Amino acid sequence: MARSHSLVTLTLFTILFENVMARIPIDPRWYDGHATFYGDMQGGETMQGACGYGNLFQQGYGLATTALSTALFNEGYTCGACFEIKCVNDPQWCRKDVNSITVTATNFCPPNYSKPDGNWCNPPQKHFDLSMKMFTSIAIYQAGIIPVQYRRVPCVKSGGVRFELRGNPYFLMVLIYNVGNAGDVLRVKIKGSNTDWAPMTHNWGQVWHTGINLVGQDLTFWVTTSDRKSLQFISVAPSNWQFEQTYQSSLNF
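Visitor: Help me out: how do you make sense of the overall build of the chain in this one?
Guide: Scanning the chain for helices and strands turns up 3 helices and 15 strands. Its C-alpha atoms put the chain at 60 × 60 × 30 Å along the principal axes. In the chain, buried positions account for 45% of the 253 residues. Of the contacts formed within the chain by residues at least 6 apart in sequence, a portion of 69% connects residues at least 24 apart. If you sum the accessible surface of the chain, you get close to 12800 Å²; carbon and sulfur atoms cover 54% of it.

Structure follows, in structure tokens:
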């Protein structure tokens, strides 16, 4: 009984610690920006996108997502990062019953240089193109665009980091997702059970690739996030791994 009580206490402490850490922002400063929305209330048009993700519901992101303007997207390296966003300085349109939302960056809001104005995603503007569900959580639908303040916060994810394998034997592409804490991946190395460590190349979004043929080998990944924290995911994909399959680690950041 004493051992069981200790395990329950440890579990509760872990949950409380994680909840506290989730509320500590990565960058405590608030920055000014704007937000619009795209898609519909069910998440239409928000699936897929420039970060390389697929079905956001299946991958655990759901509707709590945003596309980023050029100034925030950082050529895809910011994909997977989480932002706390609040509607400010617009009492006509800001909802008074919601303080803020937290969203994960899953897409890119491209610039448009063809119009003389209203190009909110053009550099150097800091802009969030939210899912409709998230936008209407902090503002009235008819607003269209709102002033916001935002800051980076830790990503709280369930389960371990996941690796989706794509491509072919001579061009292996790996989508890395469900990354906790910083959320965005800075650097990746890969190792087969019969090879040494090799750096992977940033392809697009959070998709990384290598030209080494690793078919028939266990795959181990060494992932570094933007806060310079690193984890090794040893033999996360067994030697009989297949393309178009996802392999989940027991570890997360």
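Right, picking up where we left off after that structure.
Visitor: Where do I start with the sheet that holds strand 9 (residues 185–192) in this structure?
Guide: Sheet strands pair via backbone hydrogen bonds, and the direction of the pair is either parallel or antiparallel. One open sheet accounts for 4 strands, arranged 10-9-13-14; its pairing is antiparallel. Single-partner strands in this sheet number two, and they are strand 10 (198–199) and strand 14 (230–237). The pairing of strand 9 with strand 10 spans 2 bridges and is classified as antiparallel. Residue Lys189 lies in a different strand from strand 10, and its bridge partner there is Pro199.

Visitor: I keep staring at the pattern of salt bridges and nothing clicks. Help me out?
Guide: Side chains that differ in sign of charge can pair as their charged atoms come close. In this structure the tally under the stated criterion is 6 salt bridges. A salt bridge links Arg95 to Asp97; its shortest N-O distance comes to 2.8 Å.

Visitor: How should the state of the cysteines be read in this particular structure?
Guide: The bond known as a disulfide is covalent and runs between the sulfur atoms of two cysteines. Within this structure, the stated rule accounts for 4 disulfides. The side chain of Cys82 participates in a disulfide bridge whose partner is Cys155; the two sulfur atoms lie 2.1 Å from each other. The sign of the S-S torsion, about 120 degrees, decides the handedness of the disulfide formed by Cys82 and Cys155: right-handed. Remark: Cys155 occurs in the loop between strand 6 (146–153) and strand 7 (162–168) and Cys82 occurs in strand 3 (residues 82–87); sequence separation between them is 73 residues. Across the disulfide, Cys87 is cross-linked to Cys94 (sulfur-sulfur distance 2.0 Å). A torsion of -75 degrees about the S-S bond marks the disulfide between Cys87 and Cys94 as left-handed. Exposure remark for Cys94: the relative accessible area of 12% places this residue in the buried category. In the chain, the bonded cysteines, numbered by position in the sequence, are linked as 1-2, 3-8, 4-5, 6-7.

Visitor: Please explain the environment of Cys82 as it appears in this structure.
Guide: Taking the relative accessible area as the measure of exposure, Cys82 reaches 2% and is therefore buried. For the pair Cys82 and Thr66, spaced 16 residues apart in sequence, the C-alpha to C-alpha distance is 9.3 Å. Setting aside its immediate chain neighbours within four residues, Cys82 contacts Thr102, Val103, Thr104, Arg151, Arg152, Val153, Pro154, Cys155, Lys157 and Ala182.

Visitor: When you look at the pairing of strand 4 (residues 101–108) in this model, what are you seeing that I'm missing?
Guide: Where burial is concerned, most of strand 4 is hidden: 6 out of the 8 residues are buried. Of the pairings in the sheet, the one linking strand 2 (residues 65–68) to strand 4 comprises 4 bridges and is parallel in character. Looking across to strand 4, one finds that Thr66 is bridged to Ala105.

Visitor: Even after reading the chapter, I still don't get the sheet that holds strand 15 (residues 245–248), so can you show me in this structure?
Guide: Overall, antiparallel pairing links the 5 strands, which are arranged 11-12-8-7-15 in an open sheet. Edge positions in the sheet fall to strand 11 (201–204) and strand 15, since each of these pairs with one other strand and no more. Ignoring strand direction, the axes of neighbouring strands in this sheet form an average angle of 35 degrees. With 7 bridges connecting them, strand 7 and strand 8 (residues 171–177) associate as antiparallel partners.

Calculation rules
- Residues numbered from 1 in each chain as written.
- Predicted model: local features only at pLDDT ≥ 70, side-chain atom pairs only at ≥ 80, totals over all residues.
- Heavy atoms only, no water.
- Helix = DSSP H or I, 4+ residues; strand = E, 2+ residues; numbered from the N terminus.
- Buried < 20%, exposed > 50% of the residue type's maximum accessible area, 1.4 Å probe, protein only.
- Contact = heavy atoms within 4.5 Å.
- Areas by Shrake-Rupley, 256 points an atom, 1.4 Å probe, with all protein chains shown as cover.
- Pairing = 2+ DSSP bridges.
- Salt bridge = Lys/Arg side-chain N within 4 Å of Asp/Glu carboxyl O.
- Disulfide = S-S within 2.5 Å.
- Axes fitted to C-alpha atoms, helices over the stretch in contact; angles between N-to-C directions.

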